[in-house]
Amino acid sequence: MHLVLAAQPADAAVTGPDPGSGSGPVCAVRVLDERARQGPTPAEVVTRDGLATLVHEAESSTSPPRWTWDDTNRWYPALLTAGERVERCRDLRLAHRILRVSSLAATSDLATSSPSGWDALEHSPVGGAAVVGVLRAPQEESLFDLAAAPRAERERAREKGVPPSGAGADAGLDPVAELAVQEAAVTGSTAPGRLRLLLAAESAGALAAAEMHHAGLPWRTDVHDAVLTETLGPRPAPGRRPERLEALAVRIRAALDAPDSLNPDSHPDLLRAMEYAGVGARSLRKWELERIDHPVVEPLLEYKSLYRLYTANGWSWLDQWVRDGRFRTDYVVGGVVTGRWSASGGGALQLPRGVRRAVQADPGWVLVVADAAQLEPRVLAGLAADETMAAAGAGGDMYAGIVATGAVETREHAKVGMLGAMYGGTTGVSGQVLPRLSRAFPRAMGLVEDAARTGERGGSVTTWLGRTSPPPGQAWDAAQSGALGDGAPADAASLARSSARAWGRFTRNFVVQGTAAEWALCWIAAIRRRLWRLPTAAQPNHGPAPFADRAHLVFFVHDEVVVHAPAALAEDVAREVREAAEEAGRLLFGDFPVSFPLTVATVDSYADAK
DNA sequence: GCTTTGTGCCAC
DNA sequence: AAACGTGGCACAAAGC
């Protein structure tokens, strides 16, 4: 059953539970059956409190509904704040985005109709205003290019809480009608089961993302501060360098015989000084400096490393991002073209190893950290139905398994070769072992090669569940046509060739990275459902309801999760997370014998995992 | 003064 | 100036 939520104007009459409490009307709730058909029940108009009550009742039933709404971030954060958790939903915005371009539903009304308000909806951060992008006039090119509205303009609008172009956040958007259009697109697609799974997984991801933001990642400010003080020295006064950095700056100047005025933060100045000193570096990149034998290299590399910690994850980072012992970022579901998530705020998906020490479980609780071992090559094996490659992964370490087949001699070669195959690497060891991998695993290697050829022609590729890659942009088209004709510049042909190959590397990687993201979505969907069924904790953690006494997800990075769990439940959580991985594998690949083993660690601090 | 671009490093 | 995919982010310099 779908319960469809639609925002209501303030003057609508309230008919739902608790009509006397809360503020004005919030939404109309309509009941639809599984096939999105509306029954005889009229819409119920409820207040904010009424909605929480209604959700509570519906979620307590034996078969909770699928909440269907325009945007999870518009509805769910307030429900979580009210202590309510929902089992499943359909995020119409995210689903629309997938269906609009999926090659599996290319003939649907949804895909063939002109862009609507649903195409203009953008990610809205938790607590932020709903944001509508600018739809360009139909006669212009690139109808779907919502990024056409300059990013800065959209961000200004977002900060002010004002949707750009005067569009009401949901002007004319009818979720009941949209759901019907989506269901028709799925049902009439060439793979309804896969698309339905993808939409469910994407929507479950939206729930998990909102929940992780709500709960936050447990963060010990005191531990982080200790790490910083130990590495950089005491927190400096504003405008001053930490003392370790200052000391290194002195050593850098001495090694270069440079004046005290040399500022190591200025690349041009530093490069000039290095040139005078005859260091022989053309850039300040770490990999280049590491190859150079000169007294400045050691203090300079050290300086760069500490400077990075100081600027990216130093005291100001702590001030800005950690509140009440929790780090909260804005997860952007589907924020990456491939379907991976991105995150905005605090560099959440790039937490350096060094500061993970500060991620610590609350007293009486633990962190269960799990990551999928060699996820992408395993996904490729499933995607290509390559039984030989799948068998190589049966033992737990797929790279060791590849060595055991005799295809390559060392684990390192297997790893670099596979990564090269999936990224399009051609040089070094990666290029060397590729022919042998192709001979050993023709199906898997053939799949990525085909994906690359398609991209080189400017074509689109589609993941296992149906997410389709975008077409190359105008610049790409221009590069290709630029190489034609007699008057073409001499380097036009090479530009055309290199951009064609670059797009081939993108599509080559898209199918693997995108399908891995789908596996991961299914994994977290299963994890959150399973965790909710575990017993509650005797001792609550320091976070908010509804997760204060429940094991819950607190972090997710592509192929890795962190669960904050009552210590007594650690084993149960580890088991559920492993079973969820098996479940995800079956959901995607059915009986095909590809396995998805995990590395699981129960720790007090994130730094102790792995 | 502001915004944009270039550089470089972190994560998977 | 990276080879080889996807991102976020901070800072200095350049551009307006």
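All chains use their own residue numbering, which begins from 1 and follows the written sequence. Think of it this way: whatever chain is written first is A, whatever ligand is written first is 1, and the rest follow in order. In view of the model being predicted, local features appear only for residues whose pLDDT reaches at least 70, and side-chain atom pairs are presented and counted only at 80 or more, with totals across whole chains, interfaces and linings using the full set of residues. Think of the side-chain values as coming from all heavy atoms in the structure, minus any hydrogens and water.

An unreviewed UniProt entry lists chain A under the name DNA-directed DNA polymerase, with Isoptericola halotolerans given as the organism. Taken from UniProt, the Catalytic activity (unreviewed entry) comment for chain A reads in full: "DNA(n) + a 2'-deoxyribonucleoside 5'-triphosphate = DNA(n+1) + diphosphate". UniProt positions are given in the numbering used here, feature names are shortened, and annotations may be inferred rather than shown by experiment.

Caption draft 1: Molecular detail of the packing of helix H3 (residues 92–101) against helix H7 (residues 175–187). To define axes, lines are fitted to C-alpha atoms, for helices over the stretch in contact only, and angles between the resulting N-to-C directions are given on a 0 to 180 degree scale. Only runs of H or I of at least four residues qualify as helices and only runs of E of at least two qualify as strands under DSSP, and these elements are numbered from the N terminus. Contact pair H3 / H7: the axes reach a minimum separation of 11 Å and the direction vectors enclose 35°. Remark: the crossing between H3 and H7 carries left-handed chirality. Contacts from Leu92, Ala95, His96 and Leu99 of H3 reach H7 at Pro175, Glu178, Leu179, Gln182, Ala185 and Val186. All residues other than Ala, Val, Leu, Ile, Met, Phe, Trp, Tyr, Cys, Pro, Asp, Glu, Lys and Arg, Gly among them, are scored as polar; the first ten of these are nonpolar and the last four charged. Classifying every residue of the contact of H3 with H7 by side-chain character gives seven nonpolar, two polar and one charged. Note: crossing handedness is left-handed where the near helix turns anticlockwise from the far helix by less than a right angle, and right-handed where it turns clockwise. When checking whether two residues touch, look at their non-hydrogen atoms; a contact exists if any pair is within 4.5 Å.

Caption draft 2: Structural detail: the environment of Gly278. Counting through the fold element by element, Gly278 comes out in the loop between helix H11 (267–276) and helix H12 (286–289). C-alpha of Gly278 to C-alpha of His294: the two residues are 16 residues apart in sequence and 9.0 Å apart in space.

Caption draft 3: Broad picture of the protein's contact with DNA strand C. Residues are counted as near a molecule or strand when any one of their heavy atoms sits within 4 Å of it. Taken together, 29 residues are adjacent to DNA strand C, and Ser266, Arg282, Arg285, Gly345 and Arg505 come closest. Counting only atoms of DNA strand C within 4 Å of the protein, the sugar-phosphate share comes to 71%. For this analysis, a polar contact is any N or O atom pair within 3.5 Å, provided that within protein one partner can donate a hydrogen and the other can accept it, and provided that sequence-adjacent residues contribute only side-chain to side-chain pairs. Within the side chain of Thr426, one N or O atom sits 2.8 Å away from a phosphate oxygen of DNA strand C. Within the residue set of the surface near DNA strand C, elements represented by two or more residues are helix H13 (297–313), strand E10 (342–344) and helix H22 (492–532). Looking at the surface near DNA strand C residue by residue, the class counts come to eight nonpolar, 14 polar and seven charged.

Caption draft 4: Region of the structure containing the side chain of Thr338. Counting through the fold element by element, Thr338 comes out in the loop between strand E9 (330–332) and E10. By relative accessible area, which is 4% here, Thr338 ends up buried. A polar atom in the side chain of Thr338 sits 3.4 Å from the backbone nitrogen of Arg340. Not counting chain neighbours up to four residues away, the residues in contact with Thr338 comprise Arg467, Phe510, Gln513, Gly514 and Ala517. For every residue, the accessible area obtained with a 1.4 Å probe (protein chains only) is divided by the maximum for its type, and the residue is called buried under 20%, exposed over 50%, and partly exposed between those limits.

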